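# Observations on the model geometry
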Amino acid sequence: VNQELDYDLDAKLTAPIGLPNCDTLDPHVGNAFPFDIRGTVTSPTITPDFSKLVQRAIRNEVQELLQERLQDRLRDLLR
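Below or above, wherever it landed, is the structure these notes cover. Residue positions are given per chain, counting from 1 as you read along its sequence in written order. Local features are withheld for residues below a pLDDT of 70 in this predicted model, meaning they are given only at 70 or higher, and side-chain atom pairs are given and counted only at 80 or more; totals for whole chains, interfaces and linings count all residues. Hydrogens and water molecules were not included; the side-chain quantities draw on all heavy atoms of the structure.

## A closer look at the overall build of the protein chain
Counting from the N terminus, the helices are the DSSP runs of H or I reaching at least four residues and the strands are the DSSP runs of E reaching at least two. The helix and strand tally for the protein chain stands at one helix and three strands. Sequence-ordered secondary structure for the protein chain, helices as α and strands as β, is β-β-β-α. Against the 2.2 N^0.38 benchmark of 12 Å for 79 residues, the protein chain shows a C-alpha radius of gyration of 20 Å, more extended than a compact globule. In terms of its C-alpha atoms, the protein chain occupies a principal-axis envelope of roughly 65 × 40 × 15 Å. The rule is simple: take the accessible area with a 1.4 Å probe, protein chains only, and divide by the maximum for that residue type; under 20% is buried, over 50% is exposed, in between is partly exposed. Every one of the 79 residues in the protein chain was classed for burial, and the buried ones make up 8%. Any two residues whose heavy atoms approach within 4.5 Å are treated as being in contact. Here the analysis covers contacts within the protein chain between residues at least 6 apart in sequence; of these, 42% occur between residues at least 24 apart. Note on method: radius of gyration uses C-alpha positions; expected globular size equals 2.2 Å times residues raised to 0.38.

## Observations regarding the sheet that holds strand 2 (residues 32-40)
DSSP calls a pair of strands paired once it identifies at least 2 bridges connecting them. Pairing in this open sheet of three strands is antiparallel, and the strands run 1-2-3 from one edge to the other. Because the sheet does not close on itself, it has two edges, and the strands there are strand 1 (4-12) and strand 3 (44-48). Ignoring strand direction, the axes of neighbouring strands in this sheet form an average angle of 20 degrees. What counts as an axis is a line fitted to C-alpha atoms, over the stretch in contact for a helix, and the angles between N-to-C directions run from 0 to 180 degrees. Most of the contacts of helix 1 (residues 50-78) go to strand 2, to which it runs at about 160 degrees, and overall it touches strand 1, strand 2 and strand 3.

## Examining a nonpolar patch on the surface
A grouping of Val54, Ile58, Val62 and Leu66 is seen on the molecular surface, where their side chains present a nonpolar patch of about 360 Å² in accessible area. Relative accessible area serves as the criterion here: at 42%, Val62 is assigned to the partly exposed category. Candidate patch residues must exceed 30% relative accessible area and have no salt bridge, after which like charges are joined if within 9 Å and Val, Leu, Ile, Met, Phe, Trp or Tyr side chains if within 5 Å. For every accessible area listed, the method is Shrake-Rupley and the probe measures 1.4 Å; residues are considered covered only by the protein chains on display. By definition, a salt bridge exists where a carboxyl oxygen of Asp or Glu is found within 4 Å of a side-chain nitrogen of Lys or Arg.

## Observations concerning unusual backbone geometry
Backbone geometry at Gln3 places phi at a positive 60 degrees, although glycine is not the residue there. Take Gln3: it is sitting in the segment before strand 1. Taking the relative accessible area as the measure of exposure, Gln3 reaches 46% and is therefore partly exposed.

Structure, rendered in structure tokens:
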């Protein structure tokens, strides 16, 4: 047993953060954020997984573009 940590975690923001004059995360309530947890049990390192955030953003953008194109094609067919 080496007590090493190697986890991927999605943490969901479930409510606004009650900081005075801070509403920057409010639009993200309900969204999940990926984190990497590495290191040892006594000295863990927790960092955001930016590569997963970028992949999700690209996937969402592509899905939106494909949906728009599909809707345009369907409109053209129904005319």
